[in-house]
Amino acid sequence: MKIHANILAEVPNCWTNIFQKGTKDQLAIHEVLKSKKQWGSKDRKMFGDIMYELIRHFRAFALIGNTAEVPSLADPQLLVQGFLTFKNSDLTFEEFCLTNLPNATFAQKASIPDWVDMMGREDSGNTSWEEDVLGQSSEAPVCLRISGSVVQYKTALNHLLKLDPGLEAVSDSSVILSKRIDLSNDVGYSSGWYEIQDLGSQEISQIINPGMNEVIWDVCAGAGGKTLHLADLMKGKGKIIAMDVNESKLKSLVYRLKKSRFTNIEVKLNKANEPWNTDGIPNPTKIVIDAPCSGSGTWRRNPDSRWKTDQNTVEGLLDIQYKLLQMGIRNLSPQASLYYITCSILPKENQFQIRRIKEEFSNINLVNEVKIHPKNGGSDGFYLAELKQS
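Everything quoted here is computed from the prediction, not taken from an experiment.

**Q** Describe the overall build of the protein chain, and please don't skip the residues or the numbers.
**A** Across its full length, the protein chain holds 18 helices and 11 strands. For a compact globule of 390 residues, the expected C-alpha radius of gyration is about 21 Å, and the protein chain comes in at 22 Å, within 12% of that figure. The dimensions of the protein chain, computed from C-alpha atoms along their principal axes, are 60 × 50 × 35 Å. Residue pairs at least 24 apart in sequence account for 71% of intrachain contacts in the protein chain once pairs closer than 6 positions are excluded. Within the structure as shown, the protein chain displays about 18,100 Å² of accessible surface, and the carbon and sulfur contribution to it stands at 48%. Of the charged side chains in the protein chain, 45 are positive and 46 negative, and the gap between their average positions amounts to 6 Å.

**Q** Give me the lowdown on the sheet that holds strand S8 (residues 286–290), citing residues and values where you can.
**A** Strand pairing in a sheet relies on backbone hydrogen bonds, with the paired strands running either antiparallel or parallel. With respect to topology, seven strands assemble into an open sheet ordered S7-S6-S5-S8-S9-S11-S10, the strand pairing being mixed. The open sheet has two free edges, formed respectively by strand S7 (265–269) and strand S10 (364–372), since each of these has just one partner strand. Ignoring which end each strand starts from, the neighbouring axes of this sheet average 15° apart. Contacts between helix H15 (residues 247–260) and the sheet are confined to strand S6 (239–244) and S7, with S7 contributing the most and set at about 165° to the helix. On top of the sheet, helix H17 (residues 311–330) reaches S8, strand S9 (337–342), S10 and strand S11 (382–389); it is set at about 165° to S9, its chief contact.

**Q** Now, about the nonpolar core: what can you tell me, with residues and values included?
**A** Core analysis: the largest hydrophobic core is formed by 35 residues, its most contacted members being Cys14, Trp15, Phe47, Ile50, Met51, Leu54 and Leu79. No other element matches the seven residues that helix H4 (residues 41–56) contributes to this core. Those residues within four positions of Trp15 in sequence are excluded, and the remaining contacts are Gln20, Met51, Leu54, Ile55, Phe58, Pro71, Pro76 and Leu79. Judged by nonpolar contacts, the second largest core, of 26 residues, contains Ile287, Ala336, Ile354 and Tyr383.

**Q** I'd like a description of empty space enclosed by the protein, backed by residues and values.
**A** A full pass over the atoms with the stated rule returns two cavities of 30 Å³ or more. As for the largest cavity, its lining consists of 14 residues, and the residues nearest its centre are Asp132, Ile345, Asn350, Lys371 and His373. Split into classes, the residues belonging to the lining of the largest cavity amount to six nonpolar, six polar and two charged. As a volume, the second largest cavity reaches approximately 60 Å³. Taken together, Trp115, Val116, Ser294, Ser296, Trp299, Ser305, Arg306, Thr309, Val314 and Leu346 make up the full set of residues lining the second largest cavity. Of the residues that constitute the lining of the second largest cavity, the class distribution is five nonpolar, four polar and one charged.

**Q** So what's going on with the environment of Gly238? Which residues, and what values?
**A** Looking at the element boundaries, Gly238 is found in the loop between helix H14 (225–233) and S6. If sequence neighbours within four positions are ignored, Gly238 has contacts with Met212, Asn213, Glu214 and Asn264.

**Q** I'd love a proper account of the sheet that holds strand S2 (residues 168–169), names of residues and values included.
**A** In space, the four strands of this open sheet follow the order S2-S3-S1-S4, with antiparallel pairing throughout. At either end of the open sheet lies a strand with only one pairing partner, and these are S2 and strand S4 (194–196). The pairing of S2 with strand S3 (residues 174–176) spans two bridges and is classified as antiparallel. Directly across from Glu168, in S3, lies its bridge partner Ile176. The sheet contacts of helix H13 (residues 199–208) involve strand S1 (143–146) and S3, and relative to S1 the element is tilted by about 35°. Lying on the sheet, H14 is in contact with S1 and S4; it crosses S1 at an angle near 35°.

Conventions adopted
Residues numbered from 1 in each chain as written. Predicted model: local features only at pLDDT ≥ 70, side-chain atom pairs only at ≥ 80, totals over all residues. Heavy atoms only, no water. Helix = DSSP H or I, 4+ residues; strand = E, 2+ residues; numbered from the N terminus. Rg over C-alpha atoms; globule rule 2.2 N^0.38 Å. Contact = heavy atoms within 4.5 Å. Areas by Shrake-Rupley, 256 points an atom, 1.4 Å probe, with all protein chains shown as cover. Lys, Arg positive; Asp, Glu negative; His and termini not counted. Charge placed at Lys NZ, Arg CZ, Asp CG, Glu CD. Pairing = 2+ DSSP bridges. Axes fitted to C-alpha atoms, helices over the stretch in contact; angles between N-to-C directions. Core = buried A, V, L, I, M, F, W, Y, C linked by side-chain atoms within 4.5 Å. Buried < 20%, exposed > 50% of the residue type's maximum accessible area, 1.4 Å probe, protein only. 1 Å grid on protein atoms, 1.4 Å probe; cavity = no way out; pocket = protein on both sides within 12 Å on 5 of 7 lines; lining within 4 Å. Points joined across faces, edges and corners; volume = space filled by probe spheres on them. Nonpolar A, V, L, I, M, F, W, Y, C, P; charged D, E, K, R; others polar.

Pasting the structure below:
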């Protein structure tokens, strides 16, 4: 693999921006590419691929390059040496680790912090831990969800095939692109024909399976990916109360709502650590809590986040998640369902929280539990628990 020196020369500054200055990986890479207008498309793609491979396999390359196993302390030039040793070996990454790092731990080979590995193994029944981590070592595909309430499936699919003839239609509402395309200026996107949404996230909404006459409280709606999917499944009928404590995310939801044409979504701003703003809204038939979490199920598309979330942050999120569950149950009527969702593969954020809430509320039953594993391909990692009163 021939890599030009001028491409490698940009790695140290980009690495510093990501892990010392805290810039998001996509933005830091974009800033380099924006400044290198003389680079051709192959060079631009190669630089991005190198940066993401360095992040995804950081600890292995740090061991080979003999530098610190903490991203903010590592010498990027020594990381590049480790990376080039791998690229020049003509081995798969697994073969390379077996040959060159025979004594490395799983956390080192998988490039995750030791504390994350320990937390992931806390549930003795969590037999998929290593596969769920390793399943996120490659680039995430771009998945689209066609909104059947806005456009006919064939119309949207034919439109998308003109943009990407190699796309894969995986269902009557989902496609996976064969390449990355800038869709921001596409008329289909601006018209609300489709949304960019991971297949696992789409599956979660389908499991919730809202009816057209239901009232949904979506209490952690964020920018509205699942909210809009729920509205589409409801064919624009019923009522969705989209709540969040983050005003900027709700503004993004309002923008997306305008192009989607759904009129059954009402947006409400909640205050952190206070009861939900339920004044003047009907009682829910379903409460959806897409809880803030570590995001450990989305490492494929956010590879730097495994190093930017520390243990104290996760412990704080556990407290927030549990308080959300408590509020949800206190607002749960006898016939309603509560759906607790995370995009995490950590047991502490998932089944441990459900065990704990059931101990506090003896009248609550777990009626459905779903784990969506990254190892199965094409999806991020998700957890869903459906709770009802007994």
